[in-house]
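# Fold and geometry: a report
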Amino acid sequence: MLVILSGFSTLASIIKLIALLLVFIAILVGAHLFTKWYAKSGHVNAKARNIKVIESQQIAPGKNIVLAQIGGKYVAFISGKEHSTFLTELDESDIDLTTPEVNDVSFRDVLKNMKELNKKKEE
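Residues numbered from 1 in each chain as written. Predicted model: local features only at pLDDT ≥ 70, side-chain atom pairs only at ≥ 80, totals over all residues. Heavy atoms only, no water.

Here we come to the overall build of the protein. Summing up its helical and strand segments, the protein has two helices and four strands in all. Every one of the 123 residues in the protein was classed for burial, and the buried ones make up 8%. For the protein, the exposed surface amounts to about 11,200 Å²; the carbon and sulfur share of it is 60%. (Helix = DSSP H or I, 4+ residues; strand = E, 2+ residues; numbered from the N terminus. Buried < 20%, exposed > 50% of the residue type's maximum accessible area, 1.4 Å probe, protein only. Areas by Shrake-Rupley, 256 points an atom, 1.4 Å probe, with all protein chains shown as cover.)

Here's what the structure looks like:
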C-alpha cells in the first residue's frame, strides 16, 4: 500500500505516523497489562512466606515503625536507613487486623471538584 502512495509523500507520511502511534499505544497498553499481572501474580514476594508486614508508619524522615507478622508472632520494630530496633512482641488481641475502607475516587471527580472550587473562588 505504501508503494502505491509513494507519489503522495504527505499522505504516506501521515499514514506512517498514524501506524507508528498505534504501535506505540499498543506497546504502552501491553506494558501496563503485564505489570498489573506481574504484581498480582505473587512472583514479587514469593520468597517471603513467613514474613508479612501488617502496617508501617513513618515517624521521622528515614525512620518507620513497622508492625510485622513473623511466623505466628506479631512484632513491632523501628526501621531506619542503616539499622532496625526491636520494640516489642504483641498478642493478636492487641492488633486491629481489619482492613480500612478505601474510598475509590476517580481522577475525573477530583478535577471536577477542583473546577467547582475555582469557580466559587472567582465569584
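Past the structure itself, the notes keep going.
Relative to strand β2 (residues 63–70), strand β1 (residues 51–60) runs antiparallel, the two being bridged by eight bridges. Among the inter-strand pairings, V53 is bridged to a residue of β2, identified as A68. Connecting the antiparallel pair β1 and β2 is a turn made up of two residues, with G62 showing a positive phi of about 85 degrees. (Pairing = 2+ DSSP bridges.)

On to helix α2 (residues 107–122), then. Look at α2: 23 Å from first C-alpha to last across 16 residues, which is about the 22 Å you get at 1.5 Å a residue. Taking burial as the measure, the 16 residues of α2 include zero buried ones, a minor fraction of the element. (Expected span 1.5 Å × (residues − 1).)

Quick look at the sheet that holds β1 now. Pairing is antiparallel across the open sheet formed by four strands, whose spatial order is β1-β2-β3-β4. Two strands lie at the open edges of the sheet, namely β1 and β4 (84–90), each paired on one side alone. Strand after strand, the sheet turns through a mean of 20 degrees between neighbouring axes, direction not considered. (Axes fitted to C-alpha atoms, helices over the stretch in contact; angles between N-to-C directions.)

What follows deals with the packing of aromatic side chains. Summed over the entire model, instances satisfying the criterion amount to three aromatic pairs. With a centroid separation of 5.7 Å and 40 degrees between ring planes, the pair formed by F34 and W37 is classed as tilted. One end of the pair, F34, and the other, W37, are both in helix α1 (residues 9–41), three residues apart, so they sit about a helical turn from each other. Centroid distance W37 to Y38: 6.5 Å. Interplanar angle 50 degrees. Geometry classified as tilted. Through successive ring pairs, a cluster of aromatic residues spans F34, W37 and Y38. (Phe/Tyr/Trp six-rings, centres within 6.5 Å; stacked < 30°, edge-to-face > 60°.)

Here we take up the confidence of the model for the protein. Residue-level pLDDT values for the protein average 84, and 88% of them are 70 or greater. Mean pLDDT across the secondary structure elements of the protein bottoms out at α2, with 86, and peaks at strand β3 (residues 73–79), with 93. (pLDDT = per-residue confidence, 0-100.)

On to the pairing of β3. Across seven bridges, the pairing between β2 and β3 is antiparallel. Of the residues in β3, the one forming a bridge with V66 is F77. A loop of two residues connects β2 with β3, the two strands running antiparallel in sequence, and G71 in this loop sits at a positive phi of about 65 degrees. Across six bridges, β3 lies against β4 in antiparallel orientation. If you follow F77 over to β4, its bridge partner there is F86. Connecting the antiparallel pair β3 and β4 is a turn made up of four residues.

On to a nonpolar patch on the surface, then. Taken together, the side chains of F24, I25, L28, V29 and L33 make up a nonpolar region of the molecular surface, amounting to roughly 480 Å² of accessible area. Following the sequence through the fold, V29 ends up in helix α1. Judged by its relative accessible area of 44%, V29 is partly exposed. (Patch = residues over 30% accessible without salt bridge, like charges linked within 9 Å, V, L, I, M, F, W, Y side chains within 5 Å. Salt bridge = Lys/Arg side-chain N within 4 Å of Asp/Glu carboxyl O.)

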